[in-house]
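These are the residues of each chain, in order.
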Amino acid sequence: MTQTHHSVTIIMIEDDEGHALLIEKNIRRAGISNEIVHLSNGHDALEFIFNAPRGPVHNGPALILLDLNLPDMSGIDILTKIKSEEHLRRTPVVVLTTTDDKHEIERCYDLGCNVYITKPVNYENFAAAIRQLGLFLSVIQVPDAGL
């Protein structure tokens, strides 16, 4: 019996169009072809993540790129909500932000983020982080439930 693997959706929560395009370009450059869903505010992001049929609660594995400074809510709140939902606890979250405040970074790791990248994104660092994510993506291809 063959196992079916869902491919991992990359959910990018980023309100700055320019950054979003740059991030997407870098992901493609790193050779990752997974679908990217771009959401530009916290409300839409949570709606997609928790309620959309294609979102990770209903549709399995995802990788979340999360900008901390969103127009309508803090990325920290979104990270907290994601990590407190049982189905999403293991979902890798990469935090993208303009701050390199040590306390904020620690807080994100405490809440369960996997990688923390400071913007403006240094291409080498980002490529390295995305390669790490490529490893996550190959690891978190989740077999169908019930095995």
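That block above? That's the structure.
Treat the numbers as computed from the prediction; the structure is a model and nothing was measured. (Residues numbered from 1 in each chain as written. Predicted model: local features only at pLDDT ≥ 70, side-chain atom pairs only at ≥ 80, totals over all residues. Heavy atoms only, no water.)

Draft legend 1. Seen up close, the nonpolar core. Within the largest apolar cluster, 26 residues are counted, with the highest numbers of intra-cluster contacts made by Ile11, Ile13, Ile49, Ile64, Leu66, Val95 and Cys108. For this core, the elements supplying multiple residues, two or more each, are strand 1 (9–13), strand 2 (36–39), helix 2 (42–51), strand 3 (62–67), helix 4 (75–84), strand 4 (93–97) and helix 5 (102–111). No other element matches helix 2, which puts five residues into this core. In contact with Ile64, other than residues within four places in its own chain, are Ile11, Ile13, Ile49, Ile82, Thr91, Pro92, Val93 and Val94. (Core = buried A, V, L, I, M, F, W, Y, C linked by side-chain atoms within 4.5 Å. Buried < 20%, exposed > 50% of the residue type's maximum accessible area, 1.4 Å probe, protein only. Helix = DSSP H or I, 4+ residues; strand = E, 2+ residues; numbered from the N terminus. Contact = heavy atoms within 4.5 Å.)

Draft legend 2. View of the sheet that holds strand 1. In spatial order, the strands read 2-1-3-4-5; together these five strands make up an open sheet with parallel pairing. Of all strands in the sheet, those bounded by a partner on one side alone are strand 2 and strand 5 (115–118). Strand-to-strand twist in this sheet, taken as the mean axis angle between neighbours without regard to direction, amounts to 15 degrees. Against the sheet, helix 1 (residues 17–29) touches strand 1, strand 2, strand 3 and strand 4, its axis set at about 170 degrees to strand 2. (Pairing = 2+ DSSP bridges. Axes fitted to C-alpha atoms, helices over the stretch in contact; angles between N-to-C directions.)

Draft legend 3. Fine view of the environment of Leu133. With respect to the helices and strands, the residue Leu133 is situated in helix 6 (residues 123–139). By relative accessible area, which is 1% here, Leu133 ends up buried. With near-sequence residues (within four places) excluded, Leu133 lies in contact with Leu63, Leu65, Val94 and Val115.

Draft legend 4. Expanded view of the side chain of Lys83. For Lys83, the location among the structural elements is in helix 4. The side chain of Lys83 is buried and forms no salt bridge, while Glu85, the nearest opposite charge, is found at 12 Å. With near-sequence residues (within four places) excluded, Lys83 lies in contact with Leu88, Arg89, Arg90, Thr91, Val93, Leu111, Gly112 and Asn114. (Lys, Arg positive; Asp, Glu negative; His and termini not counted. Salt bridge = Lys/Arg side-chain N within 4 Å of Asp/Glu carboxyl O.)

Draft legend 5. Focus on helix 5. The distance from a side-chain oxygen at the start of helix 5 to the backbone nitrogen of His103 is 2.6 Å, and the residue carrying that oxygen is Asp101. Just downstream of helix 5 lies Gly112, where phi reads positive at about 110 degrees. (Polar contact = N/O pair within 3.5 Å; in protein donor to acceptor, adjacent residues only side chain to side chain.)

Draft legend 6. Spotlight on a negative patch on the surface. Judged by side-chain charge, Asp15, Asp16, Glu17, Asp44, Glu47 and Asp72 come together as a negatively charged surface patch. With respect to the element layout, Asp44 can be found in helix 2. The partly exposed category is assigned to Asp44, whose relative accessible area is 35%. (Patch = residues over 30% accessible without salt bridge, like charges linked within 9 Å, V, L, I, M, F, W, Y side chains within 5 Å. Areas by Shrake-Rupley, 256 points an atom, 1.4 Å probe, with all protein chains shown as cover. Charge placed at Lys NZ, Arg CZ, Asp CG, Glu CD.)

Draft legend 7. Up close: the pairing of strand 3. The element strand 3 is largely enclosed, with a buried count of six among its six residues. Judged by which residues are buried, strand 3 turns out to be covered on both faces: Ala62, Ile64 and Leu66 on one side and Leu63, Leu65 and Asp67 on the other are all buried. Where strand 1 lies against strand 3, five bridges are found, and the strand directions are parallel. Paired with Thr9 across the bridge in strand 3 is Ala62. With four bridges joining them, strand 3 and strand 4 adopt parallel strand pairing. Counterpart to Leu65 in the pairing with strand 4 is Val94. Note that the unit made of strand 3, helix 4 and strand 4 has a crossover that is right-handed. (Right-handed = clockwise from strand over helix to strand, strands pointing away.)

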